[in-house]
Amino acid sequence: MALQSSVDTALKHAEDPSAILVWRRTCRELASGPRVGVAALTASAAVRAVEHLSTAGTGVGMAALGFDPDEDSGDAPPMVRDALLGVHTVVWATAASQPLGARERTALRQIAGATGMERGLILIVDTHVLERMSDDAAAELQSVRERVAAQAPDGWRVCVQGDAELQTFFDVVRVDQEHLTRQRHHHVARILLDSAHRGLEAGIVHEVEQVALLEASLASEDEALDRAREAGTRAAAHTLGVLRRRTEELRMDLREFLREIEADVPDQIGSLADVETARRVLPHWLEHVVQGWLRDRLASWRVQVQADLAHVRVADEALAHADLLLPAVHPAPIPSEGRWRRALGLTAGVGGGLVLVAFQLWIPALIAASGGVAWSMLDRDGAGPRRERLQERAVDAVRQLGLDADRVLGEQLQRFEDQLSTLGESRAAKMETDRAEARAGLHARLRLHQARLEDAKHGLKRFTDQVRDVGLPEPQP
Amino acid sequence: MHTAPYPSLADFAETWSSRDAAANVDFAVGGSSMPALPEAVVTRLEEMLDTVVALQRAEWLEEGVYVGPRAMPEVYRAVMDASRRLEVALPPALVARVAMPVQGTYGTDGRAFLLLSSFFVKPASEGELQFMVGRQVGHMAAQQVTGRSLYALVVDHNGVRKLARRAVGPTLEVVLAPVSLGLRVALSRWHRLAELTADRAGLLVADDLEASRRALLRCALGTTPDVSVDDYLNGNRAAKDRGPGRWTELLSDRPWLHKRLGALSLWARSETFARLGGTVAEGVDLLDDEALDRETRALIAVGA
């Protein structure tokens, strides 16, 4: 019982439920009394042999087994092997007319290999056929018996149906039942424990392989992320280099163009007879000219940048950042000369005069009003000085316009740098997001298999300890 | 670098007119163009507005900031995106501590800048920010900036009446009141249509109807409301109210919010919106220009 429960526990540690079932069934069958497996090439022959033995009153339980061996596999069929576990010994029934042919000998070898039994019995049956075929049936049967004995495996006895020796064989089985049962227990336990051990080790090998496979998959994911990051950084560097160079060229061209405008503005103002018209129209003219130039130059800038980036084979994603917007550069309106001073003079003079009138101070009021008017009149300049001052202010406006445009273009370039500085990371992040589910799945499977591997190792250790308690030699890998 | 020839100042002065620059954009609501004024008047107006707005901008800048790649880069990116989308030269934009309704495009059509509220920008989602910046740039694209600044000066800031009262005396109010009322009624109607035009531009830029509606709701309520747009509309009794309060819209500078939300939804399922690259919901019957105009007008009519 100790062996039975210990093996049962060991198989539980191995988490092999089918082996546990086989073990329990085998123990139950072996404990139910002496059991003999009666095998033959065909099931019908086996059944006939069982019927014959039963009528002979052998006093043992019998199981009929049809066993046509598969010579290619080298092992007994699983069903036969399974049935042979729960018998104390085996009787092989061979026909007297065709005694122990090649297939039967193969079957006997496979039975010996599957059961590990040292003893068995070859029963020569259907002897009545010899009586019909031969004039001297007794001599022929003796000859058959000798041939079978010569070909029988070591330890196997040969009997003819009806022999008294047959009963002796079964008597020995009954007497040795306890010893045979112990032998069978050890043999079956050995088979099942070895199988469970192999299963445990195969499980560990499988989990180790799975863990290695998943770790390799995750490593390749990391490599892909690194590659995306590097590609993004490289594309960003190329794009930024092109943008910087082309934008700097644009800014230099703009400065040169504005210098030309600056030099041209005095002549342009001089070409208009009416200074007031020049003052009023000049900001709009500057805006028209500079915006038009910028629009054309930005168009050529885009063409140059696209061509440069296509040349270095930068991805579309980086190209999306390569666009400059037209800056809104508006020259400040140029105030008319003396306008504010005249307005202030008039307001102060007339306003002050009105206040003084309210207090009935007529003479001071008259003086204040006439003074304000005189102030405004005195401040009127001639056309010559006004034109010169307009030219000076126009030059200032052009310079300010250049500063504004340069600042806006510089800000856009700065924004390119900010966007492109994260291109590598954003690519990697996008890829990580796209692959997040797959990566999470890989991580989960890796954790699962790592846990299973640990469980398997732990199970193998408990199993080995239990087998040691059984007293059987430790299973060999 | 070869320099292309440019027109001389003399030739330019003979041919230039501020009316030439008037924009005709596809997303403009009919009637949102300012009436053509004489050239001299426009020039004087713009000079005056430039001066006034420059002073106002200087004040905002005291505690505000121009956006750029290093200052509020997400706003700068939105401005760039909107400029690219609406094909407008990249304008300056500043963020200051102003109330959300003050956000807008200021200056003149020739010299415009965007003003955004830091209260709006900070918690705004990407779509909300794109909508808000897009609608401000839309004013530029539709050449409504001078008109808006004039409106802000005359109507919102009581510019004309205040100046007139100080200069001439309170008696003049008797004469000016009906005039200014008429002026205000006329300008307010134009301003309301201009706001719808800007809303359309904002949706074109954001291409996200829900974010655009949330942005409008945030601006109207002045905070980030804990209410969805649909819940707001369902609970908005004013939308169903037939009382006299609806006539106050006559002098309002913008359509009531529920009307703007409705007009935006109409725009989002119009053929023009789809033609301009907006994303329309699948399986929706698109409104042609005539139907869009008809339904929009019916929706935004004062008293409707």
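Residues numbered from 1 in each chain as written. Chains lettered and ligands numbered in written order. Predicted model: local features only at pLDDT ≥ 70, side-chain atom pairs only at ≥ 80, totals over all residues. Heavy atoms only, no water.

Draft legend 1. Structural view of the sheet that holds strand E3 (residues 104–107) of chain B. Residue and element names in this part refer to chain B. What the four strands build is an open sheet, ordered E1-E2-E4-E3; its pairing is mixed. Sheet topology places strand E1 (65–66) and E3 at the edges, where each strand pairs with a single neighbour. As judged from the four bridges shared by strand E2 (residues 93–96) and strand E4 (residues 112–117), these two strands associate in the parallel manner. Following the sheet pairing, Ala93 is matched in E4 by Leu114. (Pairing = 2+ DSSP bridges. Helix = DSSP H or I, 4+ residues; strand = E, 2+ residues; numbered from the N terminus.)

Draft legend 2. Molecular detail of the nonpolar core. Core analysis: the biggest nonpolar cluster contains 53 residues, and Phe27(B), Val75(B), Leu86(B) and Val133(B) have the highest contact counts within it. In contact with Leu86(B), not counting residues within four places along its chain, are Phe27(B), Gly134(B), Val137(B), Gly138(B), Ala141(B), Ala201(B), Leu204(B) and Val205(B). (Core = buried A, V, L, I, M, F, W, Y, C linked by side-chain atoms within 4.5 Å. Buried < 20%, exposed > 50% of the residue type's maximum accessible area, 1.4 Å probe, protein only. Contact = heavy atoms within 4.5 Å.)

Draft legend 3. Structural context of the pattern of salt bridges. Residues and elements named next belong to chain A. Throughout the structure, instances matching the rule amount to 37 salt bridges over all chains. Across the salt bridge formed by Arg48 and Asp126, the nearest N and O atoms sit 3.4 Å from each other. Residue Arg48 is found in helix H3 (residues 43–56), and its partner Asp126 is found in the loop between strand E4 (120–125) and helix H6 (128–133); the two are separated by 78 residues along the sequence. Salt-bridge contacts for Arg279 lead to Glu276; the nearest nitrogen and oxygen are separated by 2.4 Å. (Salt bridge = Lys/Arg side-chain N within 4 Å of Asp/Glu carboxyl O.)

Draft legend 4. Representation of the packing of helix H9 (residues 177–270) of chain A against helix H10 (residues 275–311) of chain A within the structure. Residue and element names in this part refer to chain A. Where H9 meets H10, the axes come as close as 10 Å, and the angle between the chain directions of the two elements is 155 degrees. Taken as axis vectors, H9 and H10 run roughly antiparallel relative to one another. The crossing of H9 and H10 is right-handed. (Axes fitted to C-alpha atoms, helices over the stretch in contact; angles between N-to-C directions. Parallel < 35°, antiparallel > 145°, perpendicular 65-115°, else oblique. Left-handed = near helix turned anticlockwise from the far one by under 90°.)

Draft legend 5. Structural detail: the sheet that holds strand E3 (residues 89–95) of chain A. Residues and elements named next belong to chain A. Within the open sheet, the five strands sit side by side as E2-E1-E3-E4-E5. Their pairing is parallel. Both outer strands of the open sheet, strand E2 (61–66) and strand E5 (156–160), are each paired with one neighbouring strand and no more. Each strand axis lies, on average, 25 degrees off the axis of its neighbour in the sheet, ignoring direction. Pairing between E3 and E4: five bridges, direction parallel. Bridge pairing in E4 links Ala93 to Leu123. With respect to the sheet, helix H5 (residues 102–115) is in contact with strand E1 (35–40), E3, E4 and E5, its orientation differing from that of E3 by roughly 175 degrees. Together, E4 and E5 form the strand contacts of helix H7 (residues 137–151), whose direction differs from that of E5 by roughly 165 degrees.

Draft legend 6. The arrangement of the interface of chain A and chain B in detail. On the side of chain B, 32 residues touch chain A, which itself brings 40 residues to the contact. In total, chain A and chain B occlude about 3,200 Å² of area from one another, counting both sides; carbon and sulfur atoms represent 63% of this. The three residues of chain A that bury the most area against chain B are His284(A), Leu325(A) and Arg415(A), which together make up 19% of that side's buried surface. Our count for the contact surface shared by chain A and chain B stands at one salt bridge. For the interface between chain A and chain B, the tally reads six residue pairs in polar contact (both at pLDDT 80 or more). Secondary-structure elements contributing two or more residues to the side of chain A that touches chain B are H9, H10, helix H12 (339–358) and helix H14 (383–421) of chain A. For the side of chain A that touches chain B, the element with the highest residue contribution is H10(A), accounting for 14 residues. (Buried area = accessible area lost by both parts, 1.4 Å probe. Polar contact = N/O pair within 3.5 Å; in protein donor to acceptor, adjacent residues only side chain to side chain.)

Draft legend 7. Layout of the pairing of E1(A). Buried residues dominate E1(A), accounting for six of its six residues. Both faces of E1(A) are covered, namely the face carrying Arg35(A), Gly37(A) and Ala39(A) and the face carrying Val36(A), Val38(A) and Ala40(A).

Draft legend 8. Looking closely at the confidence of the model for chain B. Summarising the model, chain B shows a mean pLDDT of 82, and 84% of its residues fall at 70 or more. Quick note on the complex model: pTM equals 0.61, ipTM equals 0.72. (pLDDT = per-residue confidence, 0-100.)

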